[in-house]
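# Observations on the model geometry
One letter stands for each residue in the lines below.
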Amino acid sequence: MMVSLAEIRAERPEAFSDGCPTRTVLDHVMGKWGVLVLVALSDGTQRWGELRRNISGISEKMLASTLKTLEADGLVRRTAYPEVPPRVEYALTALGRDLMTRMLPLMDWVADNAASMLDRPD
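These lines cover the structure that appears in this document, whether it is placed above or below. (Residues numbered from 1 in each chain as written. Predicted model: local features only at pLDDT ≥ 70, side-chain atom pairs only at ≥ 80, totals over all residues. Heavy atoms only, no water.)

## Some remarks on the sheet that holds strand E2 (residues 76–81)
Across the sheet, which stays open at both edges, the three strands sit in the order E1-E3-E2 with antiparallel pairing between neighbours. With partners counted over all chains shown, the strands left at the sheet margins are strand E1 (46–47) and E2, one partner each. In the sheet, E1 pairs with strand E3 (residues 87–92) via two bridges, with the strands oriented antiparallel. The residue of E3 that forms the bridge with Gln 46 is Tyr 90. Sheet contacts for helix H3 (residues 32–41): E1, E2 and E3; angle to E3, the most-contacted strand, approximately 95 degrees. (Pairing = 2+ DSSP bridges. Helix = DSSP H or I, 4+ residues; strand = E, 2+ residues; numbered from the N terminus. Contact = heavy atoms within 4.5 Å. Axes fitted to C-alpha atoms, helices over the stretch in contact; angles between N-to-C directions.)

Following this line, the structure appears as structure tokens:
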């Protein structure tokens, strides 16, 4: 069942308005790199190098920044192991997994429709 913006605002009147935390979360979660990091982690726990390979085109700086933001938002968990050499793994938290159950159908839709949408004559 699809929920409308009016229905959301009936319960939470400030939702998605200027200055509302929802806008910050949307920026973190729906930005290009946030989406791609979350989608990559939906396949399971990954180390830094695996993430870099699975998210083609992302710079080290952007990957570090995005992971830090998503960790601060409670969507990604960073686990550092006291080993030599150091090992760090990234995984979705329960909140991140819940988000991805909702976001993956959208990503599937985008994958199915992107080419035809961008290939349309003006």
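Now that the structure has been shown, the text picks up again.
## Some thoughts on the nonpolar core
By size, the foremost hydrophobic cluster in this structure holds 20 residues, and its most contacted members are Val 37, Leu 38, Leu 41, Leu 51, Ile 55, Leu 67 and Val 76. For this core, the elements supplying multiple residues, two or more each, are H3, helix H5 (60–72), E3 and helix H6 (94–118). Sort the elements by how many residues they give to this core and H3 lands first, with six residues. Discounting chain neighbours no more than four positions away, the residues touching Leu 67 are Val 37, Leu 41, Trp 48, Leu 51, Val 76 and Tyr 90. (Core = buried A, V, L, I, M, F, W, Y, C linked by side-chain atoms within 4.5 Å. Buried < 20%, exposed > 50% of the residue type's maximum accessible area, 1.4 Å probe, protein only.)

## A few points about the environment of Gly 74
If you trace the backbone, Gly 74 turns up in the loop between H5 and E2. The partly exposed category is assigned to Gly 74, whose relative accessible area is 28%. Residues Gly 74 and Leu 92, 18 residues apart in the sequence, show an inter-C-alpha distance of 8.7 Å. The residues contacting Gly 74, other than those within four sequence positions of it, are Thr 93, Leu 95 and Gly 96.

## Some thoughts on the packing of H3 against H6
Their axes nearest at 11 Å, the elements H3 and H6 cross at an angle of 110 degrees. Here H3 is positioned roughly perpendicular relative to H6, judged by the angle of their axes. In this structure, H3 contributes Val 35, Leu 38 and Val 39 to the contact, and H6 contributes Leu 99, Met 100, Met 103, Leu 104 and Met 107. Taken together, the residues of the contact of H3 with H6 sort by class into eight nonpolar, no polar and no charged. (Parallel < 35°, antiparallel > 145°, perpendicular 65-115°, else oblique. Nonpolar A, V, L, I, M, F, W, Y, C, P; charged D, E, K, R; others polar.)

## Notes on the packing of H3 against H5
For the pair H3 and H5, interaxial distance at closest approach is 10 Å and the crossing angle is 75 degrees. The angle between H3 and H5 falls in the class roughly perpendicular. Along its contact with H3, which presents Trp 33, Gly 34, Val 37, Leu 38 and Leu 41, the element H5 presents Met 62, Leu 63, Thr 66, Leu 67 and Leu 70. The residue makeup of the contact of H3 with H5, split by class, is eight nonpolar, two polar and no charged.

## Things to note about H6
For H6, built from 25 residues, the straight-helix expectation of 36 Å at 1.5 Å per residue is met to within 8% by its first-to-last C-alpha distance of 35 Å. Along its length, H6 reaches its greatest deviation from straightness, about 40 degrees, at Asp 112. Every buried residue belonging to H6 is among Gly 96, Met 100 and Met 103, and all of these are buried. Turning to H6, the residues buried within the fold contact helix H2 (21–30), H3 and E3. (Expected span 1.5 Å × (residues − 1). Bend = angle between axes of the 7 residues up to and from the residue.)

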